Amino acid sequence: ASDGCVIVVDVMEGVRAQSLAALRSARLERLAPVLVLNKIDRLCDLHTGLEPTEAFDRIRQIVESLNAHFNIFNAEKNIVFASAKYGW
């Protein structure tokens, strides 16, 4: 049995159908989800060219998109930021 689940979203690709399907399944199983926003380092690298405010807006857009469907994510409780490049 599980108490929770981890939903990983690539910040460059945003919310995909698979993310929403995984969240629906988690909700049916009454699991507490943790949202991992992955590849944060790519938001401001030379290839994307996003300014810090644009990167923040992108993150906010992802969280708002998920909350529009489920209203369960809160930065103080169940959102984690990750970057394999920097080891966090």
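So, here's what we can say about the structure. Model, not experiment: these values are computed from the prediction.

Take the side chain of Asp41 next. Tracing the backbone through its elements, the reader meets Asp41 in the loop between strand E2 (32–38) and helix H2 (52–70). No salt bridge is formed by the buried Asp41, whose closest oppositely charged neighbour, Arg42, lies at an N-O distance of 4.7 Å. Among the polar contacts made by the side chain of Asp41, one reaches the side chain of Ser83 at a distance of 2.6 Å. With sequence-adjacent residues up to four places away left out, Asp41 is seen in contact with Ser83, Ala84, Lys85 and Tyr86.

Quick look at the environment of Gln61 now. Among the structural elements, Gln61 can be located in helix H2. In this structure the C-alpha to C-alpha distance between Gln61 and Arg16, which are 45 residues apart in sequence, comes to 13 Å.

Positive phi is not limited to glycine here, since Lys39 has a value of about 65°. With respect to the helices, strands and loops of the structure, Lys39 is situated in the loop between E2 and H2. The exposure class of Lys39 is partly exposed, given its relative accessible area of 27%. In this structure, Asn71 is a non-glycine residue whose phi angle is positive, near 50°. On the secondary structure map, Asn71 appears in the loop between H2 and strand E3 (79–81).

Turning to the nonpolar core, a few remarks are in order. Of all hydrophobic cores here, the largest spans 19 residues; its most connected members are Val9, Leu35, Leu37, Leu66 and Phe73. Contributions of two or more residues to this core are made by strand E1 (4–10), helix H1 (17–28), E2 and H2. For this core, the leading source of residues is H2, giving 6 residues. Apart from the residues lying within four places of it in its own chain, the contact partners of Leu37 are Val9, Val11, Ile59, Ile62, Val63, Ile79, Val80, Phe81 and Ala82.

Criteria and cut-off values
- Residues numbered from 1 in each chain as written.
- Predicted model: local features only at pLDDT ≥ 70, side-chain atom pairs only at ≥ 80, totals over all residues.
- Heavy atoms only, no water.
- Helix = DSSP H or I, 4+ residues; strand = E, 2+ residues; numbered from the N terminus.
- Buried < 20%, exposed > 50% of the residue type's maximum accessible area, 1.4 Å probe, protein only.
- Lys, Arg positive; Asp, Glu negative; His and termini not counted.
- Salt bridge = Lys/Arg side-chain N within 4 Å of Asp/Glu carboxyl O.
- Polar contact = N/O pair within 3.5 Å; in protein donor to acceptor, adjacent residues only side chain to side chain.
- Contact = heavy atoms within 4.5 Å.
- Core = buried A, V, L, I, M, F, W, Y, C linked by side-chain atoms within 4.5 Å.

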